[in-house]
Amino acid sequence: MGSTTPPSPHWRNWAGNQRSTATTILRPRTIADVAAAVQAAAAAGERIRPVGSGHSFTAVACADDRRMELTDLDTETRVDRDRRLVTVPAGMPLHRLNALLAGHGLALPNLGDIDAQTVAGAISTGTHGTGAAYGCLSTFVEALTLVTGTGEVLRCSAGEHPDVFAAARVSLGALGVLTEVTLRVVDAFVLRAHERPAALDDVLADLPSLVAKHDHAEFFWFPYTDRVQLKTNDRVPADDRPLPHWRAWLDDDFLANTVFAGLCRLGRAAPRLVPAINAASARALSERTYTGRSDAVFCTPRRVRFMEMEYGLPRAALPEALAEVRRIVGRLPFKVQFPVEVRFTAADDIWLSHGYGRDSAYIAVHQYLGAPYEPYFRAVEEAAAGLGGRPHWGKLHWRDAESLAPAYPKFADFRSLRHRLDPQGVFVNPHLTTLLGP
């Protein structure tokens, strides 16, 4: 097994709002190491939390007993080009997976806009991109290997332990430690990105057509304005309009990170300026069209730190939910600096997926780190929950088992399976107790 004594037991997530101090750091190198570590924790009456890159805003990864880091776990990487299947260590970051796939002429069918998460972390929290025909990233999982709370190693797929497979693809790390994942991938493809400013009312009026006719569509509403930035991505046969390096640096690095960070600091120091800053930002955005390798178009650098909450809603509820968000923003005692993001996904059959059994629209609200956010997020949550909303597991929210059970038809089944796979609560932490019950 790898080192169990790191320089520091202290851990914090990317946003810095979650911190924990572990008694022991576990760095297994093999699946057998993982199983042995779980059995030892169970025998000692202690707990383990596996952690990834820390990109969840919740306390899902906080470990006050034993923290398990999977960076040293070296399961075999297997690429089956003919069958479009790839098996990788669960601790592999998405950016490394994307590079690996590209080297074999392959790609994930869809991605979110950040590629720093590990494979296990991304699928365990229901990470998703946008696209009416695509579910969350967990829908690409064909098989997985799970070490349960008793140290048993289960290899799961639709044909082998199908109930565990239906639950473990979005499990919050509550069922065991994911050690390797087999993903169904596609031939590498090129995307044509079209980004343009638009009027919010025009986008909402044309939304069904917009979502249906593009492979991937999303938009960002600028609070205190009637303007949005609309982005669509569509598959095309050739990378014939690449974004010049200087333009990519200007738009995605300098303007979207350096300048935006400066505007956020200004808005935090002088909140009365925020509406004018947002209006100027919305007017300053220009239209652009470019092509690129799929993962390079899907994913963009994010260096400005923030807090985030996101809710998945029945797609038909989006106009009402967005109207309520606008009303909430208008009556807050502080200003909202970040745009509100809207994305779309297809229904799936994963027990705790936000998209279980329904096509979804997602509303994500953000605030710059250090700016007030809780009254804003709580008000949006109340509105979203009243419309049948389900919180993104990796984003901030204040739901508990009692309120979540009616939102997920398979919630009781998940809890029963959890009790069977982890009878001693090896993988429990206070956050999971709130979400799933004791």
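These notes cover the structure that comes with them. For clarity, every value in this text was computed on a predicted model and none was experimentally measured.

Some points on the side chain of R418
Structurally, R418 can be placed in helix α13 (residues 411-421). Of the side chains with opposite charge, D422 lies nearest to the buried R418, which makes no salt bridge, at 5.5 Å. There is a polar contact of 3.0 Å between the side chain of R418 and the backbone oxygen of G437. Those residues within four positions of R418 in sequence are excluded, and the remaining contacts are A174, L175, P423, V428, L432, L436, G437 and P438.

Concerning the sheet that holds strand β9 (residues 141-147)
A sheet is described by the order of its strands in space; here five strands give the open sequence β6-β7-β11-β9-β10, paired in antiparallel fashion. Strands at the two margins of the open sheet, each flanked by one partner only, are β6 (78-80) and β10 (153-157). Adjacent strand axes in the sheet meet at a mean angle of 15 degrees when their direction is disregarded. Alignment of strand β7 (residues 85-89) against strand β11 (residues 177-184), held across five bridges, turns out to be antiparallel. Looking at β11, one finds that T87 is bridged to T182.

Re the packing of helix α10 (residues 318-331) against helix α11 (residues 374-386)
Contact pair α10 / α11: the axes reach a minimum separation of 10 Å and the direction vectors enclose 150 degrees. Relative to α11, the element α10 is oriented roughly antiparallel. Of the two possible hands of crossing, α10 and α11 adopt the one that is right-handed. Note on element contacts: α11 touches α10 through Y376, A379, V380 and A383, opposite E324, V325, I328 and V329. Here the residues of the contact of α10 with α11 sort into seven nonpolar, no polar and one charged.

Things to note about the pattern of salt bridges
This structure, assessed with the given rule, holds 25 salt bridges. One salt bridge connects R83 with D80, and the closest N-O pair in it is separated by 3.6 Å. Using a relative accessible area of 53% as the deciding quantity, one classes R83 as exposed. Note that D113 and R302 form a salt bridge whose closest N and O atoms lie 3.5 Å from each other. Residue D113 is located in the loop between β8 (106-107) and α3 (119-124), and its partner R302 is located in the loop between α9 (294-298) and β17 (306-314); the two are separated by 189 residues in the primary sequence.

Points about the pairing of β11
A regular strand places its side chains on the two faces of the sheet in alternate fashion. Most of β11 is tucked away: seven of the eight residues are buried. Bridge count for β9 against β11 is six bridges, and the pairing is antiparallel. Bridge pairing in β11 places T145 opposite E180.

Details of the packing of aromatic side chains
The final tally for this structure, using the stated rule, is eight aromatic pairs. Between W14 and F306, the ring centres sit 5.2 Å apart and the planes meet at 70 degrees, which makes this aromatic pair edge-to-face. With W14 in the loop between β1 (10-12) and β2 (19-21) and F306 in strand β17, this residue pair connects regions lying 292 residues apart in the sequence. Each residue in the set W14, F57, F306 and F338 is aromatic and connected to the rest through ring pairs, giving one cluster. Above the ring of F165, the side-chain terminus of R169 is found at 4.1 Å from the ring centroid. The ring of Y408 has R390 sitting right over it, with the charged end atom 5.0 Å from the ring centre.

Quick look at the pairing of strand β14 (residues 216-221)
Most of β14 sits out of view: five of its six residues are buried. Of the strand pairs in this sheet, β14 and strand β15 (residues 227-236) are connected by six bridges, and their pairing is antiparallel. Paired with W221 across the bridge in β15 is V228. The turn joining β14 and β15, which pair antiparallel and follow one another in sequence, is formed by five residues; a positive phi near 75 degrees is taken by Y224. Across three bridges, the pairing between β14 and strand β18 (residues 340-345) is antiparallel. Within β18, the position partnered with W221 by the bridge is V340.

How each quantity is defined
Residues numbered from 1 in each chain as written. Predicted model: local features only at pLDDT ≥ 70, side-chain atom pairs only at ≥ 80, totals over all residues. Heavy atoms only, no water. Helix = DSSP H or I, 4+ residues; strand = E, 2+ residues; numbered from the N terminus. Buried < 20%, exposed > 50% of the residue type's maximum accessible area, 1.4 Å probe, protein only. Lys, Arg positive; Asp, Glu negative; His and termini not counted. Salt bridge = Lys/Arg side-chain N within 4 Å of Asp/Glu carboxyl O. Polar contact = N/O pair within 3.5 Å; in protein donor to acceptor, adjacent residues only side chain to side chain. Contact = heavy atoms within 4.5 Å. Pairing = 2+ DSSP bridges. Axes fitted to C-alpha atoms, helices over the stretch in contact; angles between N-to-C directions. Parallel < 35°, antiparallel > 145°, perpendicular 65-115°, else oblique. Left-handed = near helix turned anticlockwise from the far one by under 90°. Nonpolar A, V, L, I, M, F, W, Y, C, P; charged D, E, K, R; others polar. Phe/Tyr/Trp six-rings, centres within 6.5 Å; stacked < 30°, edge-to-face > 60°. Lys NZ or Arg CZ within 6 Å of the ring centre and 35° of its normal.

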